[in-house]
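# A structural walkthrough
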Amino acid sequence: MIPLLIVDDNKLERQGIRFLLEKLEYSLEITEYTNGVDALEKIKEQHFELLITDIKMPLMNGVDLITHIRGFNQELQVIVLSGYDDFNYARELLKANVLDYLLKPINPTEFQTCVTQILTQIMTKKPATNDKIIDKVLSIMHHEFDRDLTLEDLATRVFLSPNYLSILFKKEMKIGINKYLNNFRLEKACSLLSDSNMKVINISKYVGFDNPSYFNRLFKSTYGLTPSSYREEKLDA
């Protein structure tokens, strides 16, 4: 499924856009909003691959919506629909990396051709893009495991919503992102317990657990031994 967002305050025009989209041979998950303010909040919460938006809308127009989006998301593909053949709008939208600017009334053939080209690009790039995203997240965790890395922090750094990153990571890695990070930290702790004289409390902080009690509980639930017992067992081996 390709998540797609339509933003237009005219119900009939939204229905027309949906009708044309549903005739395409793509599996689309279509969401609709009537204004830019609500659409912007949704885009912050949920990942979309393509935005189709009108220019003139209440509360927030299409240009302002796209400008706000580009402040935190450079990847979202955008098609703008407008009843105004206005060069100033087009110029502003080109700065915001808009893929296409189509005039109303929509020409069905032109619209479907434009959308098909974009969806084809999305489907072609998606596996490679997902791999790059996961590689970047793994690199951050492997090099900064000692920091307080939250899902929100990681999502911001790869320009995705936290919810979408969580779903993508679990799909690709077969494990939740927090569990993966904790497992990686515990593996580092095991190495330090076996090969160093660092105190357990210092190891806890070194691998990213500020709460030693939580570290001890998590370690025992994972390995069946407390960190101190694990160290003793390794020394006796």
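Counting starts from 1 at the beginning of each chain's written sequence and moves along it residue by residue. Where totals are concerned, whole chains, interfaces and linings use all residues; where local detail is concerned, this predicted model gives features only for residues with pLDDT of at least 70, and gives and counts side-chain atom pairs only at 80 or more. To obtain the side-chain values, all non-hydrogen atoms of the structure were included, while hydrogens and water were left out.

- Going by the annotation in an unreviewed UniProt entry, the name recorded for the protein chain is Response regulator, with Candidatus Enterococcus avicola given as the source organism.

### Let's talk about the overall build of the protein chain
- Under the DSSP-based scheme used, a helix requires at least four consecutive residues in state H or I and a strand at least two consecutive residues in state E, with every element numbered from the N terminus. Along the protein chain, the regular secondary structure elements total 11 helices and five strands.
- C-alpha atoms define the radius of gyration in this analysis, and the globule rule sets the expected value at 2.2 Å times the number of residues to the power 0.38. Rg of the C-alpha trace for the protein chain: 24 Å, well past the compact-globule value of 18 Å for 237 residues, more than 25% over.
- When its C-alpha atoms are laid out on the principal axes, the protein chain stretches across 80 × 35 × 25 Å.
- In the protein chain, buried positions account for 43% of the 237 residues.
- Contacts between residues were defined by any pair of non-hydrogen atoms, one from each residue, lying within 4.5 Å. Looking at the protein chain alone, contacts between residues at least 24 apart form 62% of all its contacts between residues at least 6 apart.
- For the protein chain, the exposed surface amounts to about 13200 Å²; the carbon and sulfur share of it is 50%. Three exposure classes are used, based on accessible area relative to the maximum for each residue type with a 1.4 Å probe and protein chains only: buried under 20%, partly exposed in between, and exposed over 50%. All accessible-area figures derive from a Shrake-Rupley calculation using a 1.4 Å probe, and residue coverage is judged against the displayed protein chains alone.

### Comments concerning the pattern of salt bridges
- Here, a salt bridge means any side-chain nitrogen of Lys or Arg that lies within 4 Å of a carboxyl oxygen of Asp or Glu. Summed over the entire model, instances satisfying the criterion amount to nine salt bridges.
- The partner of Lys104 in a salt bridge is Asp54, with the nearest N and O atoms 3.2 Å apart. Here Lys104 is found in the loop between β5 (100-103) and α5 (108-143), whereas its partner Asp54 is found in strand β3 (residues 50-54), with 50 residues between them in sequence.
- We classify Asp54 as buried; its relative accessible area is 7%.
- Across the pair Arg157 and Glu144 runs a salt bridge whose closest N-O atoms are separated by 2.9 Å. Of this pair, Arg157 sits in helix α6 (residues 151-157) while Glu144 sits in the loop between α5 and α6, and the two are 13 residues apart along the sequence.
- Overall, Glu144 belongs to the buried group, its relative accessible area being 18%.
- Counted as one network, the salt bridges with shared partners bring together Asp8, Glu13, Asp54 and Lys104.

### Side note on the environment of Cys190
- Along the chain, Cys190 turns up in helix α8 (residues 177-195).
- Exposure remark for Cys190: the relative accessible area of 8% places this residue in the buried category.
- Each residue touching Cys190, except ones within four places of it in the same chain, is listed here: Phe219, Tyr223 and Tyr230.

### Some words on the packing of aromatic side chains
- What counts as a ring pair is set by centres within 6.5 Å for rings of Phe, Tyr and Trp (its six-membered ring), and what kind of pair is set by the plane angle: stacked under 30 degrees, edge-to-face over 60, tilted for all other angles. For the coordinates displayed, the defined rule picks out nine aromatic pairs.
- Here Phe209 and Tyr214 contribute two aromatic rings whose centre-to-centre distance is 5.9 Å and whose plane-to-plane angle is 55°, an arrangement assigned as tilted.
- The buried category is assigned to Phe209, whose relative accessible area is 4%.
- A network of ring pairs unites the aromatic residues Phe209, Tyr214, Phe215, Phe219, Tyr223 and Tyr230 as a single cluster.

### Observations regarding the environment of Glu144
- Each C-alpha atom, one on Glu144 and one on Leu165, is 18 Å from the other, the two residues being 21 residues apart in sequence.
- If near-sequence neighbours (up to four positions away) are discounted, Glu144 is found in contact with Leu149 and Arg157.
- Here a polar contact is recorded for every N or O atom pair within 3.5 Å, except that within protein the pair must consist of a potential hydrogen donor and a potential acceptor, and residues adjacent in sequence are included only if both atoms are side-chain atoms. Of note is the side chain of Glu144, whose polar atom sits 2.9 Å from the side chain of Arg157.

### Some thoughts on unusual backbone geometry
- Backbone torsion omega between Lys104 and Pro105 reads -5°, so that peptide bond is classified as cis.
- Counting through the fold element by element, Pro105 comes out in the loop between β5 and α5.
- Although it is not a glycine, Leu59 adopts a positive phi angle of roughly 70°.
- Within the element layout of this structure, Leu59 appears in the loop between β3 and α3 (62-70).
- A positive phi is found at Lys174, a non-glycine position, where the angle reads about 65°.
- With respect to the secondary-structure elements, Lys174 resides in the loop between α7 (162-173) and α8.
- What makes Lys174 exposed here is its relative accessible area of 72%.

### Things to note about the nonpolar core
- Only buried residues count toward a nonpolar core, which is a set of Ala, Val, Leu, Ile, Met, Phe, Trp, Tyr and Cys residues joined through side-chain atoms within 4.5 Å. Counting 35 residues, the largest nonpolar core has Val137, Met141, Leu165, Phe169, Ile177 and Phe215 as the members making the most contacts within it.
- Broken down by secondary-structure element, the contributors of at least two residues to this core are α5, α6, α7, α8, α9 (200-206) and α10 (212-223).
- Element by element, the count of residues in this core is highest for α8, at nine residues.
- The contacts of Val137, once residues within four sequence positions are left out, are Leu154, Val158, Leu165, Phe169 and Ile177.
- Membership of the second largest hydrophobic core comes to 20 residues, among which are Leu4, Leu21, Ile30 and Val115.

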